[in-house]
Amino acid sequence: MAAGAHGLCIKDMAGLLRPAAATVLVEALRARFDVPVRLHTHDTAGGQLATYLAAIDAGVDGVDCAAAPLASGGSQPSLGALLAATVRSPRDPGAAGGLDLASAALLEPYWTAVRDLYAPFEAGQRSPATSVYRHEIPGGQLSNLRAQAEAIGIGERFGAVLEAYHDANILLGRPVKVTPSSKVVGDLAVWMVAAGVDTAALEAEPARHDLPASVIAFLQGQLGTPEGGFLEPFTSQVLAGKPPLKDAVFNADDRAALANPATRQSALTRLMLPAEAAAFDVARQAYGDVSVLPTHAYLYGLQPGFTEVIDLARGQQMFVELDAIGDLDETGRRSVHLRANGQPVALRVVDERAPTSATARPKAEAGNPGHLAASVPGIITVLVKTGEQVQAGDRVAIIEAMKMESAVTAGTAGTVDIVHVVDKSQVDTGDLVITMTPEPPA
């Protein structure tokens, strides 16, 4: 408050705050600080309406809710339920001229339709989950974590990911889990399940494993230090032999871009998320601004016999109709015939759902120091060439899957003999990436 804050917000990112604790916390804040106090929570376990009512009785000034069709689960408690619970009470928002129950109900058909559109992105939680009191996953992370698990082929083992999240949270010092710290815990959990490494083995010999880059940077202090400190000797063993973090250095162009309101957002994205920013630029150059497409057409594709109206800019519209889709050819492409504002358009596009044939890759031999393997599935970027000399701990490749990067590192000094993978190709856990000849011991 001495720094000039105008209010306080209690952020209960996983829905762990219970009614009695909310009463104690809100009363203490209201007694000590003459500023508004707000409470934000997620309803993962299904009991946070009770927490809100306790906080309201204790004097909280505001709470965050969601329209009923988007509420509960990993989201916030239902707005309608809260308004109904406060009707004719001393804190009834409707009685004070604010939002009332009838008005909230009018919003619900719209949000029901929106949720139907975005059904593919559901987190898969169909009922309250009291397991949140163990794994402590933030409500906003649940859907992302499931998508991450699906992307690297362990979606059917999501229960194991939840348990691994609990263990990863402890290994990383139980940090406050908000973006991006929550992602670090999630990266480690997904990596543990994908790599088949249990907690006991990881804690016993962490230096044997190529952990995700986000985890290493976190243990180096990129996001600060957890309240209770880092777990030892785990952290020191992970960081042994690794180069320290480098401070960010902004050049004159970066500073100019950050100072200009027109370019600040893109500059921040590029500086904080360079890989994602580069991928976005490539997609924008290839496909243009797809944000103008109607949501249904973007997510589900064009439907024969239906005209999509695309608002390109103010006063500019395009009317697009799908005429026909051709057969799949030997290259995995199809001919697509459209009409755009009445003019025929013929395209040849790759059918990403077409079946593909894959050649089995050789697997690395366990315990062979000359075999460097992929620890997780993903897209690999090779960093070395045949004949190159590497030192113990050098990164020879990077594997990327759903914004999680894992390095393939040399366990000993030696010479690269064979690179078994093609740059930017898909690899699976255990695939042989590089064969090298270790240097003889001195």
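Bear in mind the structure is a predicted one, so any value in this text is a computation, not a measurement.

Novice: Now, about the overall build of the protein: what can you tell me, with residues and values included?
Specialist: Looking only at helices and strands, one finds 15 helices and 15 strands in the protein. Expressed along its principal axes, the backbone C-alpha trace of the protein runs to roughly 80 × 65 × 50 Å. Within the protein, buried positions represent 35% of all 442 residues. Residue pairs in contact within the protein that sit at least 24 positions apart in sequence constitute 55% of those at least 6 positions apart. Looking at the protein as shown, the accessible area adds up to about 25300 Å², and 56% of this sits on carbon and sulfur atoms.

Novice: Outline the pattern of salt bridges, listing residues and values.
Specialist: Enumeration according to the criterion identifies 13 salt bridges in this entry. Arg339 is the partner of Asp323 in a salt bridge, and the nearest nitrogen-oxygen pair spans 3.2 Å. One end of the pair, Asp323, is in strand β5 (residues 316-325); the other, Arg339, is in strand β6 (residues 333-340), with 16 residues separating them in the sequence. Taken together, the salt bridges that share partners define one network made up of Glu136, Arg174 and Lys177.

Novice: Account for the sheet that holds strand β11 (residues 395-401), with residues named and values stated.
Specialist: Strand-to-strand pairing in sheets goes through backbone hydrogen bonds, with the strands running parallel or antiparallel. Taken in spatial order, the four strands of this open sheet run β12-β11-β9-β14, and their pairing is antiparallel. Only two strands of the sheet have a single neighbouring strand rather than two, namely β12 (404-409) and β14 (426-427). When β11 meets β12, the two strands line up antiparallel, connected through six bridges. Residue Ala397 lies in a different strand from β12, and its bridge partner there is Val408.

Novice: How would you summarise the layout of surface pockets if you had to cite specific residues and measurements?
Specialist: Quantified by volume, the second largest pocket comes out at close to 1600 Å³. Lining the second largest pocket are 32 residues, with Tyr287, Leu293, Ala297, Tyr298 and Gly301 sitting closest to its centre. Mapped onto the lining of the second largest pocket, the elements with two or more residues apiece are α14 (274-287), α15 (295-300), β4 (307-313), β5, β6 and β7 (343-350). Of the residues contributing to the lining of the second largest pocket, the split by class is 23 nonpolar, three polar and six charged.

Novice: Which residues make up the pairing of strand β9 (residues 378-382), and what values go with them?
Specialist: Sheet topology note: the β9/β14 ladder contains two bridges and is antiparallel. Bridge pairing links Ile379 to Gln426 in β14. Where β9 meets β11, four bridges bridge the pair, whose relative direction is antiparallel. The residue of β11 that forms the bridge with Thr381 is Ile398.

Novice: Pulling in residues and values, what's your account of the pairing of β11?
Specialist: Summarising burial for β11: five of the seven residues are buried, a large majority. As consecutive antiparallel partners, β11 and β12 are separated by two residues, and within that stretch Met402 has a phi angle of approximately 50 degrees, a positive value.

Novice: Can you lay out unusual backbone geometry for me, pointing to particular residues and giving the numbers?
Specialist: Omega for the peptide link from Thr179 to Pro180 comes to 5 degrees, which places this bond in the cis form. By the secondary structure assignment, Pro180 is in the loop between α7 (158-171) and α8 (181-195). The amide bond that connects Glu232 to the next residue, Pro233, takes the cis arrangement and shows omega of 5 degrees. Of note, the phi angle at Arg88 is positive, near 60 degrees, even though the residue is not glycine. Tracing the backbone through its elements, the reader meets Arg88 in the loop between α3 (79-86) and α4 (101-117).

Novice: Requested: an account of the nonpolar core, with residues and values cited.
Specialist: Core analysis: the largest hydrophobic core is formed by 53 residues, its most contacted members being Leu188, Trp191 and Leu202. Within the second largest apolar cluster, 14 residues are counted, among which are Ile10, Leu39, Ile56 and Leu82.

Novice: For the packing of aromatic side chains, give the residues involved together with the corresponding values.
Specialist: Aromatic ring pairs are reported here in terms of the distance separating the ring centres and the angle at which the planes meet. All chains considered together, the criterion is met by two aromatic pairs. Measuring from ring centre to ring centre gives 4.9 Å for Tyr110 and Trp111, while their planes differ by 80 degrees; the resulting arrangement is edge-to-face. According to the relative accessible area criterion, Tyr110 is exposed, its value standing at 55%. Using a relative accessible area of 30% as the deciding quantity, one classes Trp111 as partly exposed. Between Phe218 and Phe230, the aromatic rings sit 5.6 Å apart at their centres with planes inclined by 90 degrees, giving edge-to-face as the arrangement.

Quick notes on the rules
Residues numbered from 1 in each chain as written. Predicted model: local features only at pLDDT ≥ 70, side-chain atom pairs only at ≥ 80, totals over all residues. Heavy atoms only, no water. Helix = DSSP H or I, 4+ residues; strand = E, 2+ residues; numbered from the N terminus. Buried < 20%, exposed > 50% of the residue type's maximum accessible area, 1.4 Å probe, protein only. Contact = heavy atoms within 4.5 Å. Areas by Shrake-Rupley, 256 points an atom, 1.4 Å probe, with all protein chains shown as cover. Salt bridge = Lys/Arg side-chain N within 4 Å of Asp/Glu carboxyl O. Pairing = 2+ DSSP bridges. 1 Å grid on protein atoms, 1.4 Å probe; cavity = no way out; pocket = protein on both sides within 12 Å on 5 of 7 lines; lining within 4 Å. Points joined across faces, edges and corners; volume = space filled by probe spheres on them. Nonpolar A, V, L, I, M, F, W, Y, C, P; charged D, E, K, R; others polar. Core = buried A, V, L, I, M, F, W, Y, C linked by side-chain atoms within 4.5 Å. Phe/Tyr/Trp six-rings, centres within 6.5 Å; stacked < 30°, edge-to-face > 60°.

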